[in-house]
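# Close look at the chain arrangement
Residues per chain are reported as follows:
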Amino acid sequence: MSNSEKKAILIKKMQEELDRRTAIEEAAAILIENGKYETAIKLLNGIDDSIVKEITEEIDKLKETETVDQENEETEIVQAVDVLSDLEQLQKKVIYSDTFLELSKADQEKIYTYCKVHYVTNEIVKENLVQIRYAVTNGYFGF
């Protein structure tokens, strides 16, 4: 199961818990309107904040692993681009616009030429070309 699927399940659990809490709070409000303060307090005390806290912590852990995975992927791309003898890595990994801008002009030209030649045969190379065009536009207009 991917991190996105796990996160979707956790978000669904969070929403169910928040819906349950809302129902309890609405019931407590009705009890208070009817003068049943003690019962309303008991009902509200039954809300367990640790459930929301646990779900939030699990979501945060998934976000951290996604960040680490993305950083590892970017490092691999930079290493592949640094070598440049292995331009075929550009068929397997997307080089992001920020990474592209950090390269020398000569390396940028080599990568751009490679992507222009191979974009028809590979979807990832097409995405690399999109990222390169975004980087150039961003660099030119200063977005």
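Reference entry: report on the structure contained in this document.

The rules behind each value
- Residues numbered from 1 in each chain as written.
- Predicted model: local features only at pLDDT ≥ 70, side-chain atom pairs only at ≥ 80, totals over all residues.
- Heavy atoms only, no water.
- Helix = DSSP H or I, 4+ residues; strand = E, 2+ residues; numbered from the N terminus.
- Buried < 20%, exposed > 50% of the residue type's maximum accessible area, 1.4 Å probe, protein only.
- Contact = heavy atoms within 4.5 Å.
- Areas by Shrake-Rupley, 256 points an atom, 1.4 Å probe, with all protein chains shown as cover.
- Expected span 1.5 Å × (residues − 1).
- Arc of directions from axis to C-beta.
- Salt bridge = Lys/Arg side-chain N within 4 Å of Asp/Glu carboxyl O.
- Core = buried A, V, L, I, M, F, W, Y, C linked by side-chain atoms within 4.5 Å.
- Axes fitted to C-alpha atoms, helices over the stretch in contact; angles between N-to-C directions.
- Parallel < 35°, antiparallel > 145°, perpendicular 65-115°, else oblique.
- Polar contact = N/O pair within 3.5 Å; in protein donor to acceptor, adjacent residues only side chain to side chain.

## Concerning the overall build of the chain
A tally of helices and strands in the chain yields 6 helices and 0 strands. Reading the chain from its N end, one meets helices and strands in the order α-α-α-α-α-α. The proportion of buried residues among the 143 residues of the chain is 28%. The long-range share in the chain, meaning contacts at least 24 apart out of those at least 6 apart in sequence, stands at 55%. Just so you have it, the chain exposes about 10,000 Å², and 53% of that area is on carbon and sulfur atoms.

## Focus: helix α5 (residues 105-118)
Here α5 spans 20 Å end to end across 14 residues, near enough to the 20 Å set by a 1.5 Å rise per residue. Every buried residue of α5 is listed here: Asp107, Gln108, Ile111, Tyr114 and Cys115. When α5 is viewed along its axis, its buried side chains cluster within an angular range of 135° and face the same direction. Seen from the open side of α5, the exposed residues pointing more than 90 degrees away from its buried face are Lys105, Glu109 and Val117.

## A closer look at the environment of Asp60
Tracing the chain through its elements places Asp60 in helix α3 (residues 49-83). The exposure class assigned to Asp60 is partly exposed, which follows from its relative accessible area of 36%. Separated by 53 residues in the primary sequence, Asp60 and Lys7 have C-alpha atoms spaced 9.4 Å apart.

## Thoughts on the pattern of salt bridges
Between side chains of opposite charge, a pair can form when the charged atoms approach closely. Inspection of the entire model under this criterion finds 3 salt bridges. Where Glu17 meets Arg20, a salt bridge forms, and the shortest distance between an N and an O atom there is 2.8 Å. Residue Glu17 and its partner Arg20 are both found in helix α1 (residues 3-33); the two are separated by 3 residues, about one turn of the helix.

## Thoughts on the nonpolar core
Core analysis: the biggest nonpolar cluster contains 12 residues, these being Leu87, Leu90, Ile95, Phe100, Leu103, Ile111, Tyr114, Cys115, Val125, Leu129, Ile132 and Ala135. Listed by contribution, the elements that provide at least two residues to this core are α5 and α6 (123-141). It is α6 that provides the largest number of residues to this core, a total of 4 residues. Counting residues in hydrophobic clusters, the runner-up holds 6 residues, among them Leu10, Met14, Val52 and Ile55.

## A few points about the environment of Leu31
Looking at where Leu31 falls in the secondary structure, it is placed in helix α1. Classification of Leu31 by relative accessible area gives buried; the value is 18%. When the C-alpha positions of Leu31 and Ile41 are compared, they lie 9.3 Å apart, and in sequence the two are 10 residues distant. When neighbours within four sequence positions are excluded, Leu31 is seen to be in contact with Lys36, Thr39, Ala40 and Leu43.

## Comments concerning the packing of α1 against helix α2 (residues 37-45)
Packing of α1 against α2 brings their axes to within 8 Å, and their N-to-C directions diverge by 170°. In terms of orientation, α1 and α2 fall into the roughly antiparallel class. Contact residues: α1 offers Ile24, Glu25, Ala27, Ala28, Leu31 and Ile32, while α2 offers Tyr37, Thr39, Ala40, Leu43 and Leu44.

## Overview of the side chain of Asn122
As for its placement among the helices and strands, Asn122 is situated in the loop between α5 and α6. A distance of 2.7 Å separates a polar atom in the side chain of Asn122 from the backbone nitrogen of Ile124.

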